[in-house]
Amino acid sequence: MGTILQGLLVSQIGYDLDEQKHAVFRHTNRDGFSDDAAFSLTSIPSGETIFSGYARYWGEIWGSHWWILDFTKCFDSGEFLLSVSTDTKIYEDQIQIGENLLWNETVETVALTQFEERAYLARNGIGWKDCGADWRELN
């Protein structure tokens, strides 16, 4: 058997308070992670466990097996430590949950990157690629 790949995958940006909140656990061995493994969210400032749940097996794709950690029902915002354990190791990662977090953390970066790319691709160096005029989009 090849190298065993396993790990906890979370949103690097964070999670919106009122939206679905999922992390996934990946393992190349179907028996490498329990279908009912417990996970928890612990508040970083206080150390208090504010949410706990159980992993749910999703299936196999890309040579790995995937389990979903669903903490959608967590209604607290802030900085948290997401923890899940296998038979041999504890996996932890820091996450953030907040109101409109994805928008607030990405709108400026995405808008500027998109605008610069469109200007670069435009025939005359300004505006949309498909118009080539001197007017520009304002997102």
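This write-up is about the structure you can find in this document. Everything numeric in this text was worked out from a predicted model, so none of it was measured. (Residues numbered from 1 in each chain as written. Predicted model: local features only at pLDDT ≥ 70, side-chain atom pairs only at ≥ 80, totals over all residues. Heavy atoms only, no water.)

So, the nonpolar core
Step number 1: Grouped together as the largest cluster of nonpolar side chains are 22 residues, with contacts concentrated most on L8, L41, F71, L82, V84 and I97.
Step number 2: Those elements giving two or more residues to this core turn out to be β3 (22–27), β4 (38–43), β7 (64–70), β8 (78–85) and β9 (90–98).
Step number 3: Setting aside anything within four residues of it in sequence, one finds L8 in contact with A23, V24, F25, L69, L82, V84, Y91, E92 and D93. (Core = buried A, V, L, I, M, F, W, Y, C linked by side-chain atoms within 4.5 Å. Buried < 20%, exposed > 50% of the residue type's maximum accessible area, 1.4 Å probe, protein only. Helix = DSSP H or I, 4+ residues; strand = E, 2+ residues; numbered from the N terminus. Contact = heavy atoms within 4.5 Å.)

Some remarks on a nonpolar patch on the surface
Step number 1: A cluster of nonpolar residues, W58, I61 and W62, forms a patch on the protein surface that exposes about 410 Å² of accessible area.
Step number 2: Among the structural elements, W58 can be located in strand β6 (residues 56–61).
Step number 3: Overall, the relative accessible area of 48% leaves W58 in the partly exposed class. (Patch = residues over 30% accessible without salt bridge, like charges linked within 9 Å, V, L, I, M, F, W, Y side chains within 5 Å. Areas by Shrake-Rupley, 256 points an atom, 1.4 Å probe, with all protein chains shown as cover. Salt bridge = Lys/Arg side-chain N within 4 Å of Asp/Glu carboxyl O.)

A look at the side chain of S83
Step number 1: Counting through the fold element by element, S83 comes out in strand β8.
Step number 2: Accessibility expressed as a relative area gives 13% for S83, which makes it buried.
Step number 3: Apart from the residues within four sequence positions on either side, S83 is in contact with A38, F39, S40, Y91 and E92.

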